[in-house]
Amino acid sequence: MSETVETEAGTARITWHRAHGARLVLAVSHGAGGGIEARDLQALARALPGHGVTVALVEQPWRVAGKKVAPAPRTLDAGWRGLWPALAGPGLPVVAGGRSAGARVACRTAAELGAHAVLALSFPLHPPGRPEKSRADELLGAGVPTLVVQGGNDPFGRPGEFPEGSFRLVEVPHGDHGFAVPKRAAITQDRALEIITEAVAQWATSLP
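Please read these numbers as outputs of a predicted model, since none were measured by experiment. (Residues numbered from 1 in each chain as written. Predicted model: local features only at pLDDT ≥ 70, side-chain atom pairs only at ≥ 80, totals over all residues. Heavy atoms only, no water.)

Colleague: Quick question: what am I supposed to make of the layout of surface pockets here?
Modeller: Over the atoms, a rolled probe matching the size of one water molecule traces out where space is still vacant. Considered as a void within the structure, the largest pocket measures approximately 310 Å³ in volume. Around the largest pocket, the lining comprises 21 residues; the ones closest to its centre are Gly-31, Ala-32, Gly-33, Ser-100 and Ala-101. Looking at the lining of the largest pocket, the elements with two or more residues in it are α3 (73–87) and α4 (101–113). For the lining of the largest pocket, the leading source of residues is α4, giving three residues. For the lining of the largest pocket, a count of residues per class yields nine nonpolar, seven polar and five charged. (1 Å grid on protein atoms, 1.4 Å probe; cavity = no way out; pocket = protein on both sides within 12 Å on 5 of 7 lines; lining within 4 Å. Points joined across faces, edges and corners; volume = space filled by probe spheres on them. Helix = DSSP H or I, 4+ residues; strand = E, 2+ residues; numbered from the N terminus. Nonpolar A, V, L, I, M, F, W, Y, C, P; charged D, E, K, R; others polar.)

Colleague: Before we go on, may I ask you to explain the packing of aromatic side chains in this structure?
Modeller: Any aromatic ring pair is given by two values, namely how distant the centres are and how the planes are angled relative to each other. For the structure shown, the criterion picks out three aromatic pairs. Taking the centre distance of 6.3 Å and the plane angle of 65° together, the rings of Phe-162 and Phe-167 count as edge-to-face. Judged by its relative accessible area of 13%, Phe-167 falls in the buried class. Through successive ring pairs, a cluster of aromatic residues spans Phe-123, Phe-162 and Phe-167. The positively charged end of Arg-18 is found above the aromatic ring belonging to Trp-16, 4.4 Å away from the centroid. (Phe/Tyr/Trp six-rings, centres within 6.5 Å; stacked < 30°, edge-to-face > 60°. Buried < 20%, exposed > 50% of the residue type's maximum accessible area, 1.4 Å probe, protein only. Lys NZ or Arg CZ within 6 Å of the ring centre and 35° of its normal.)

Colleague: How should I be thinking about the side chain of Thr-15 in this particular structure?
Modeller: Tracing the sequence through the fold places Thr-15 in strand β2 (residues 10–17). The class of Thr-15 is buried, set by a relative accessible area of 13%. Within the local environment of Thr-15, its side chain forms a polar contact with the side chain of Ser-2, the two groups lying 3.0 Å apart. Residues in contact with Thr-15, not counting those within four places in the same chain, are Met-1, Ser-2, Ile-36, Val-55, Ala-56, Leu-57 and Glu-59. (Polar contact = N/O pair within 3.5 Å; in protein donor to acceptor, adjacent residues only side chain to side chain. Contact = heavy atoms within 4.5 Å.)

Colleague: How do you make sense of unusual backbone geometry when you look at a structure like this?
Modeller: For residues that are not glycine, phi is negative in most cases, and the peptide bond is trans in most cases. In this structure, His-174 takes a positive phi of about 70° despite not being glycine. A relative accessible area of 33% means that His-174 is categorised as partly exposed. With phi around 65°, Phe-179 is a residue other than glycine that occupies positive phi space. Mapped onto the secondary structure, Phe-179 falls in the loop between β8 (168–172) and α6 (189–206).

Colleague: I tried to follow the pattern of salt bridges on my own but got confused; where do I start?
Modeller: Pairing between side chains of opposite charge can happen when the charged atoms of each approach one another. Applying the stated rule across the entire model yields 10 salt bridges. For Glu-132, the salt bridge identified is with Arg-130, shortest N-O distance 2.7 Å. A relative accessible area of 37% means that Arg-130 is categorised as partly exposed. A salt bridge links Glu-198 to Arg-191; the shortest N-O distance between them is 3.3 Å. With a relative accessible area of 32%, Arg-191 lands in the partly exposed category. What emerges from the salt-bridge pattern is a single network uniting Asp-77, Arg-104, Arg-108 and Glu-138. (Salt bridge = Lys/Arg side-chain N within 4 Å of Asp/Glu carboxyl O.)

Colleague: Where do I start with empty space enclosed by the protein in this structure?
Modeller: According to the stated counting rule, one finds one cavity of 30 Å³ or more in the structure shown. Empty space within the largest cavity amounts to approximately 40 Å³. In terms of lining, the largest cavity is formed by Ser-29, His-30, Gly-31, Ala-32, Gln-60, Trp-62, Leu-76, Ala-101, Gly-102 and Val-105. When residues of the lining of the largest cavity are assigned to their parent elements, the largest contribution, three residues, is made by α4. Counted by class, the lining of the largest cavity contains five nonpolar, five polar and no charged residues.

Shown next as structure tokens:
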């Protein structure tokens, strides 16, 4: 089921994948270069409702409007803030999540919005080849329980580059920024997605 939501940044859209007897909502948004068709977001939408977690796939206004380029971070944050009342509407704790740029939004706004936790998929720790341009402060400043799921070969930040912090980090071996794994890798693409869904399900259902 999809619903549109008017925000300060324009019309956004939420696609709900509801769990029977859900205990929390996992709201996840896309990155700056794609939409909710991303393999990891779709895998979570298929798998998590079976664990009692309702998944809300969030499309930012710029995607709904058919634009090709994401706007500035503060505009992304404004769109996310505008969506929050609809995400909290079921009356359940909401885990704020996203992939890449969407993960940054979730981290930046978690404390002010009262997010129960943060799921950061492919957190862009730095631009490719520019480790000095670190965004670690956004991740470390989330202020709530945080799970990072990162590809082992993500050019935006490999697992070993992440700083020490209170977040948990799960590595998807051989995965790139979109969690694609090479055909020659020791794991299959299906197994890579299972690592993601299993880790998120275990973490989400263990949250207090």
